[in-house]
Amino acid sequence: MSRNVYLVTGGAGFIGSNYIHYLFEKYAQVKVINLDKLTYAGNPENLNDLKNNPDYVFIKGDICDSTIVNRIFEEFKPDYLINFAAESHVDRSIGDAEDFIRTDMYGVYVLLEATRKYGLERFIQISTDEVYGSIESGSFTEESPLKPGNPYSASKAGGDRLTYSYFNTYQLPVIITRASNNYGPYQYPEKLIPLFVTNAMEDKSLPLYGDGKNVRDWLYVKDHCKAIEFVLKNGELGEVYNIAGGSEKENIEITRLILELMDKPESLIKPVADRIGHDRRYSLDSSKLHQLGWQPQHSFDVAMRETVQWYVDHQDWWKPLKSGEYLEYYKKHYPEGKSLT
Ligand code: NAD
Ligand code: TDX
């Protein structure tokens, strides 16, 4: 049996590292090349268990660097490219969007050009539900217009449509996925769930933006990884697939649930100024993917409990991340708002 070669870009981050673990669990024979720049969000420790596996190759590098990307295509001849690499945090994009434009748009261009030059079986662009913008009621289908509302989602929309254009123009074998908010192990503790769980563990306040009633649809990262692999194998070229978690919650509900699971008081909740341009609600219609045969398998209640427990059990993973650069960042951007200390 021939062994497929996966080029995973941004594989040292939250979803990418979960996806690489998933590949090695699923396939007896697989080779994975992980190209990651190791920004603040990239952590090779997420894949420590694969360190000595000869079928796992980590390459530190930037997807915007065509020299390194071309060399990887030449040496490893990947069958599949799954692009997770991105600047991914909305708040940071509001502070300074430059890296977002570079990686989430120009980086995608570099990967598409290499694919054009060398060819491969499938190019999966990991886009996001945020490209549609906010919706008061109902859910976005893949045909809904894009109306990204912050620099992060606008840069992702650029990468998303650029990928489609390479299908339309050059017949590249691309597929685009748009998933809702992920949660699970190895998520950098700046995003809502890991930030609040780790703050609660340290009896620090939980900075809830605005009225706390913004709605997100929560997707367990392991369901997301399975959906990506399912789309890679079964999706149609040039198509977009929404991947919904099917668990829409107001932020205040998530916050109370975290405190309840951790047996911490609600007095830790600290209402703070709202995010600028804060999207009110995200909601995806995932029926296209359901018809193709994918459904999420994890229940929100069980997966949330397991996620909280993972952060409780892995303090050695997140504690170093909540010092140094991280604190500097918050001091600069939230001089009186988000108190973390
Ligand atoms: P993350 O921030 O945890 O990880 C991003 C990874 O990309 C990091 O390892 C980082 O080092 C790497 N990276 C950044 N710039 C790079 C560059 N120029 N070259 C190479 N590597 C680079 O992000 P995540 O939450 O794992 O998200 C992964 C992808 O999924 C992103 O494209 C994001 O837009 C998308 N997405 C995320 C969510 C979510 O809820 N987290 C939901 C839908 C879609
Ligand atoms: O401290 C906080 N307080 C708070 O109230 C943080 C960090 C967030 N929030 C709110 C803002 C959002 O309404 O919680 C909600 C979730 O926020 P984030 O975790 O920052 O995620 P979001 O902005 O929804 O974007 C996420 O989902 C789509 C990912 O970060 C993106 O990468 C993905 O594309």
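Calculation rules
Residues numbered from 1 in each chain as written. Chains lettered and ligands numbered in written order. Predicted model: local features only at pLDDT ≥ 70, side-chain atom pairs only at ≥ 80, totals over all residues. Heavy atoms only, no water. Pairing = 2+ DSSP bridges. Helix = DSSP H or I, 4+ residues; strand = E, 2+ residues; numbered from the N terminus. Axes fitted to C-alpha atoms, helices over the stretch in contact; angles between N-to-C directions. Contact = heavy atoms within 4.5 Å. Near = heavy atom within 4 Å. Polar contact = N/O pair within 3.5 Å; in protein donor to acceptor, adjacent residues only side chain to side chain. Nonpolar A, V, L, I, M, F, W, Y, C, P; charged D, E, K, R; others polar.

Chemist: Could you clarify how one ought to interpret the sheet that holds strand 7 (residues 181-183) in this entry?
Modeler: Pairing between sheet strands relies on hydrogen bonds along the backbone, with the strands arranged either parallel or antiparallel. What the three strands build is an open sheet, ordered 7-9-11; its pairing is mixed. The strands lining the two open edges of the sheet, one partner per strand, are strand 7 and strand 11 (248-250). Direction aside, neighbouring strands of the sheet carry axes that sit 50° apart on average. As paired strands, strand 9 (residues 215-220) and strand 11 are joined by three bridges and run antiparallel to one another. Within strand 11, the position partnered with Arg216 by the bridge is Lys249. Contacts from helix 7 (residues 221-234) reach strand 7 and strand 9 within the one sheet, and its direction differs from that of strand 9 by about 70°.

Chemist: What is the right way to look at the site of ligand 1 in this model?
Modeler: With respect to spatial proximity, 28 residues lie near ligand 1, and among them Ile15, Asp36, Ser88, Tyr152 and Lys156 are the closest. Measuring from an oxygen atom of ligand 1, one finds a side-chain N or O atom of Asp36 at 2.6 Å. Between ligand 1 and the protein, one listed contact pairs a nitrogen atom with a side-chain N or O atom of Asp62 at 2.8 Å. Looking at the shell around ligand 1, the elements with two or more residues in it are helix 1 (14-26), strand 5 (122-128), helix 5 (151-170) and strand 7. With three residues, strand 5 is the single largest residue contributor to the shell around ligand 1. Here the shell around ligand 1 is composed, by residue class, of twelve nonpolar, twelve polar and four charged.

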